[in-house]
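Residue-level structural notes
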Amino acid sequence: MAKALVLKEITKRFPLVLANDRISLDLEWGEVLALVGENGAGKSTLMKIVYGLQPPDAGEMWVDGKPYRPQSPLDAIRAGIGMVHQHFMLVEPFTVLENLVLGLEPGSPLFLDLEAARRKATALMEALGFEVPLDERVENLPVGLQQRVEILKALYREARILILDEPTAVLTPQEAEELFRFLREYVARGNAAIFISHKLKEVLAVSDRVTVIRDGKVVGTVRTRETSLEALARMMVGREVVLRVEKTPARPGEVVLEVEGLEAPPRLKGVSFQVRSGEIVGIAGVEGNGQTELVEALTGLRPFRGKALLLGRPLPASARGVRDLGASHVPEDRLVRGLVLDFSVKENAVLGDQHRPPFRGFLGFLDDRAAEAHARTLVEAYDVRPRSTALSARRFSGGNQQKIVVGRELLRGPRLLVAAQPTRGVDVGAIEFIHKELVKARDQGLAVLLVSADLSEILALSDRILVMHGGRIVGELTPEEATEERLGLLMAGVTA
Ligand SMILES: Nc1ncnc2c1ncn2[C@@H]1O[C@H](COP(=O)(O)OP(=O)(O)OP(=O)(O)O)[C@@H](O)[C@H]1O
Ligand SMILES: [Mg+2]
């Protein structure tokens, strides 16, 4: 039988990097092939080539034994390939149903026939065992559901090969479980899937084989059954990776952040807690239980009621005010709030601090030399690849964009760091590094409020864990008390 997809010596060069260097791989019908590698290794680039979004400089491809040279995603869709991108590509003001039919060629019978589309989508959802409200606007859906829409959209177009680029980065553990169940069933029916993830545990759980790429080249392909977390990490990074965070017990000092009865609509119903200098307080909870509102209230992005003090002073009501008082923020969504994609690294490196010394220069213009020096320090210290300060943020891989944000927020020497999903999308080596930096900053007196959907991250870093459910804090645990089971129950709202 022909293979689902064969790539032979695919090469793609960008001005500063050889992103894909003669990559060959194959995908069998009936399997999930995982694609792993460091940030910037070339995974998304390769998948964009397969999906017809950009042409390779050289190399050949076959789909189901037939030569395949896509000029656009339309060719990919015709060949039965669907892709769920690292960053969603849905049209937000449109409904789910409209997004499903969007982009199908006019004249195709489904183009205007929304009722037929509804029947097909409903049948698909039944077969897949998941539900999405077809008449809801995409912008009103939580990310987990938006992603289902992306998958549904690919299947609606009858994809037999599904490419998922970091599909679980924004999912809760439960949603990820459901996705995996779906994927296994999808390939069991004779389809095939390529799954990109930095969460090696998930890779081990869902894939049949793993192809590792490093610096644009294939390092090797292994059977999932015959490998391990450590072995994969080593193949990816080229050295041993310490997967456990090493830290001494916290020595909390003065209260840096104090909130009492903090409420912010729609979902934050009143929380009270303190974060002291020198401690990491983790907020665990299923996404959508008020964490976003909490983070936005604390960083001046959302109005709130109740008491909030930063270093004993009332929390300002603007993002700039909060920043100027010494609070840093790693936002949940780096593409919306963390970076200006068309700005250079240099400009992004000082974003939010450009009005203050040392970056405020003559007549209030940006002091270019100070900004450049700062950006240089950032890309070196945080191993941003490629090491350019002039390139626009858009041209960096997802994980490298995240490193730019985390580096900027820590290097400014804050008193408080509110970090939401700080390692979302970064590779194992970079997670190790960011975790070490967070602990180091804590030891130097930083107060950290960590919000993460990744339980293992919460457990590894936190000195105290607060569990949120229904907009309130329903429990506080030490990391020793916090087994995954206890946390899971609290997160589900079981407090007995
Ligand atoms: N449009 C572009 N212009 C210039 N360079 C690019 C462009 N797109 C990607 N690159 C570069 O190509 C390399 C590979 O990027 P790619 O996005 O494929 O990495 P990745 O393996 O998906 O990483 P991540 O895990 O961080 O998502 C990176 O060095 C990136 O900066
Ligand atoms: Mg990528």
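Note that the structure is a prediction, hence the values are computed from the model and not measured.

**So, the sheet that holds strand E13 (residues 280–284)**
Across the sheet, which stays open at both edges, the 6 strands sit in the order E16-E17-E18-E13-E19-E20 with mixed pairing between neighbours. Two strands bound the open sheet, and with one partner strand each, they are strand E16 (327–330) and strand E20 (472–477). Strand-to-strand, the axes of this sheet are offset by a mean angle of 20 degrees, without reference to chain direction. Relative to strand E19 (residues 464–469), E13 runs parallel, the two sharing 4 bridges.

**Things to note about the site of ligand 1**
Ligand 1 sits among 20 residues. The nearest are Gly40, Thr45, His198, Ser397 and Gly399. The separation between an oxygen atom of ligand 1 and a polar main-chain atom of Gly40 is 2.8 Å. About the coverage of ligand 1: the protein hides 90% of its 640 Å² of free accessible area. Broken down by secondary-structure element, the contributors of at least two residues to the shell around ligand 1 are helix H1 (43–50) and helix H14 (398–411). Take the shell around ligand 1: its biggest share by element is 3 residues, from H1. Considering only residue class, the shell around ligand 1 consists of 6 nonpolar, 10 polar and 4 charged. Structurally, the shell around ligand 1 is a two-domain feature, drawing no fewer than three residues from each of domain 1 (5–237) and domain 2 (255–491).

**Some thoughts on the environment of Val132**
Tracing the backbone shows Val132 in the loop between helix H4 (114–128) and helix H5 (143–156). Separated by 282 residues in the primary sequence, Val132 and Pro414 have C-alpha atoms spaced 41 Å apart. Beyond its immediate chain neighbours, meaning those up to four positions away, Val132 contacts Val96, Met125, Leu141, Leu145, Arg148, Val149 and Leu152.

**Looking at the domain arrangement of the protein**
Each assigned domain of the protein is listed here: domain 1 (5–237) and domain 2 (255–491). Here the C-alpha centroids of domain 1 and domain 2 sit 30 Å apart. Contacts between domain 1 and domain 2 engage 22 residues on the former and 23 residues on the latter. Across the domain 1/domain 2 interface, buried area totals approximately 1,600 Å², and carbon plus sulfur atoms make up 58% of it. Interface area lost by domain 1 to domain 2 is led by Leu16, Asn39 and His87, which between them contribute 32%. One can count 1 salt bridge joining domain 1 with domain 2. Of the charged contacts, one joins Glu38 and Arg385 as a salt bridge, the two residues approaching to 3.4 Å between their closest N and O atoms. Counting across the domain 1 and domain 2 interface gives 4 residue pairs in polar contact (both at pLDDT 80 or more). Those elements that place two or more of their residues in the side of domain 1 that touches domain 2 are helix H6 (173–188), helix H7 (200–206) and helix H8 (229–237). Top contributing element to the side of domain 1 that touches domain 2 by residue count: H8, with 3 residues. Here the residues of the side of domain 1 that touches domain 2 are counted per class, giving 10 nonpolar, 8 polar and 4 charged.

**Focus: the pairing of E20**
Pairing analysis gives 5 bridges linking E19 to E20, with the strands arranged antiparallel. In the strand pairing of E20, Met468 is matched with Ile473. Following E19, the chain reverses through 2 residues before pairing antiparallel with E20; Gly470 in that reversal takes a positive phi of roughly 60 degrees.

**Considerations on H1**
Within H1, 7 of the 8 residues are buried, leaving the element largely enclosed by the surrounding structure. Of the positions making up H1, those classed as buried are Lys43, Ser44, Thr45, Leu46, Met47, Ile49 and Val50. After H1 finishes, the residue Gly52 shows a positive phi value of roughly 80 degrees.

**Some points on the packing of H4 against H5**
Running from N to C, H4 and H5 cross one another at 110 degrees; their axes reach a closest spacing of 10 Å. Taken together, the axes of H4 and H5 lie roughly perpendicular to each other. The handedness of the crossing between H4 and H5 is right-handed. For the pair formed by H4 and H5, the contact residues are Ala117, Lys120, Ala121, Leu124, Met125 and Leu128 on the first element and Leu152, Leu155 and Tyr156 on the second. A breakdown of the residues in the contact of H4 with H5 according to their chemical character gives 8 nonpolar, no polar and 1 charged.

**Considering the pattern of salt bridges**
Overall, the coordinates contain 42 salt bridges when judged by the stated rule. One salt bridge connects Lys120 with Glu158, and the closest N-O pair in it is separated by 2.7 Å. Of this pair, Lys120 sits in helix H4 while Glu158 sits in the loop between H5 and strand E7 (161–165), and the two are 38 residues apart along the sequence. The closest approach of N and O atoms between Glu296 and Arg337, which form a salt bridge, is 3.1 Å. Pair noted here: Glu296 is in helix H9 (residues 291–298) and Arg337 is in helix H11 (residues 334–338), with a separation of 41 residues, a long-range link. Residue class for Arg337 comes out partly exposed when judged on its relative accessible area of 44%.

**Points about the sheet that holds strand E11 (residues 255–264)**
In space, the 4 strands of this open sheet follow the order E12-E11-E14-E15, with antiparallel pairing throughout. With partners counted over all chains shown, the strands left at the sheet margins are strand E12 (268–276) and strand E15 (313–314), one partner each. Packed onto the sheet, H9 meets E11 and E12 and runs at close to 125 degrees relative to E11.

**Regarding helix H15 (residues 428–443)**
Turn by turn, an α-helix covers 3.6 residues, leaving residues three or four places apart pointing in a common direction. Over its 16 residues, H15 runs 23 Å from end to end, which matches the ideal 22 Å to within 8%, given 1.5 Å per residue. Regarding H15, the residues found buried are Val428, Gly429, Ala430, Glu432, Ile434, His435, Glu437, Leu438, Val439, Ala441 and Arg442. Summarising the contacts, the buried residues of H15 are in contact with H7, H8, E13, H14, strand E17 (416–420) and helix H16 (455–461). Between the side-chain oxygen at the start of H15 and the backbone nitrogen of Gly429 there is a gap of 3.0 Å, and the oxygen is on Asp427.

Parameters at a glance
Residue positions are counted from 1 within each chain, in the order its sequence is given. Following the order in which they are written, the chains are lettered starting with A and the ligands numbered starting with 1. Given that this is a predicted model, residues contribute local features only at a pLDDT of at least 70 and side-chain atom pairs are listed and counted only at 80 or more, while totals for whole chains, interfaces and linings are drawn from all residues. The basis for the side-chain values is all heavy atoms of the structure; hydrogens and waters are excluded. For two strands to count as paired, DSSP must find a minimum of two bridges between them. Strands here mean DSSP runs of E at least two residues long; helices mean DSSP runs of H or I at least four residues long; both are numbered from the N terminus. For helices, the fitted line uses only the C-alpha atoms of the stretch in contact; every axis is such a line through C-alpha atoms, and the angle between N-to-C directions lies from 0 to 180 degrees. Note on terminology: near, applied to a residue and a molecule or strand, indicates that one of the residue's heavy atoms is within 4 Å of it. For the purposes of these results, a polar contact is taken to be a pair of N or O atoms within 3.5 Å, where, inside protein, one atom must be able to donate a hydrogen and its partner to accept one; residues adjacent in sequence count only when each atom of the pair is a side-chain atom. Using a 1.4 Å probe, accessible areas were evaluated by the Shrake-Rupley method; residue-level cover was limited to the displayed protein chains. Each residue is assigned to one of three groups, with Ala, Val, Leu, Ile, Met, Phe, Trp, Tyr, Cys and Pro labelled nonpolar, Asp, Glu, Lys and Arg labelled charged, and all others, Gly among them, labelled polar. What fixes the domain bounds is an automatic or database domain assignment. Only heavy atoms matter for contacts: two residues are in contact if any of them lie within 4.5 Å across the pair. A simple way to read buried area is as the amount of 1.4 Å-probe accessible surface that goes missing from two parts once joined, with both sides added. A side-chain nitrogen of Lys or Arg and a carboxyl oxygen of Asp or Glu constitute a salt bridge if their distance falls within 4 Å. Exposure categories follow from relative accessible area, calculated using a 1.4 Å probe and restricted to protein chains: below 20% of the type maximum is buried, above 50% is exposed, and the middle band is partly exposed. For classification, angles of less than 35 degrees are called roughly parallel, those exceeding 145 degrees roughly antiparallel, those between 65 and 115 degrees roughly perpendicular, and all remaining angles oblique. A clockwise turn of the near helix away from the far one marks a right-handed crossing, whereas an anticlockwise turn of less than a right angle marks a left-handed crossing. Each residue after the first adds 1.5 Å to the expected span of a helix.

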